[in-house]
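These are the residues of each chain, in order.
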Amino acid sequence: MTCRPWLADQALRTAPGRTDIALAANSGAYNAGIAAGAALGALVLPLAGARGTLLAGGLLTAASCAVLLGGRLLGGHRHRL
């Protein structure tokens, strides 16, 4: 939950004139991530058990970190305000 205020702040900086839409999109994306994680867990748990669910979560976390770091290394600071 520690990233949520930072993400909301970034959404407000990206769309300063439309803060209501920016916060709604941020909230929707946050909730969609929770739903996707729950769905993935529901699919993996019967097939691979608790250890498989942990492994799937760890792999998704590592992949998302790689995407974020790759974006920063490839010049993802274009919208710096």
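Because the structure is predicted, anything quoted here is derived from the model rather than measured.

All right, on to the overall build of the chain then. Summing up its helical and strand segments, the chain has 2 helices and 0 strands in all. For the chain, the residues scored as buried account for 10% of the 81 residues in total.

With respect to the element layout, I21 can be found in helix α2 (residues 19–73). For the pair I21 and A11, spaced 10 residues apart in the sequence, the C-alpha separation amounts to 9.2 Å.

When the terminal C-alpha atoms of α2 are compared, their 29 Å separation across 55 residues is substantially less than the 81 Å that a helix rising 1.5 Å per residue should span. Approximately 130 degrees is the largest bend angle found in α2, and it occurs at A48. A22, N26, G41, V44, G52 and A56 are the residues of α2 that are buried. Two residues or fewer after α2 comes G75, characterised by a positive phi angle close to 90 degrees.

Attention now moves to the environment of G52. Relative to the helices and strands, G52 is located in helix α2. The exposure class assigned to G52 is buried, which follows from its relative accessible area of 15%. Each C-alpha atom of the pair G52 and G41 lies 9.2 Å from the other, and the pair is 11 residues apart in sequence.

Thresholds, definitions, all that
- Residues numbered from 1 in each chain as written.
- Predicted model: local features only at pLDDT ≥ 70, side-chain atom pairs only at ≥ 80, totals over all residues.
- Heavy atoms only, no water.
- Helix = DSSP H or I, 4+ residues; strand = E, 2+ residues; numbered from the N terminus.
- Buried < 20%, exposed > 50% of the residue type's maximum accessible area, 1.4 Å probe, protein only.
- Expected span 1.5 Å × (residues − 1).
- Bend = angle between axes of the 7 residues up to and from the residue.

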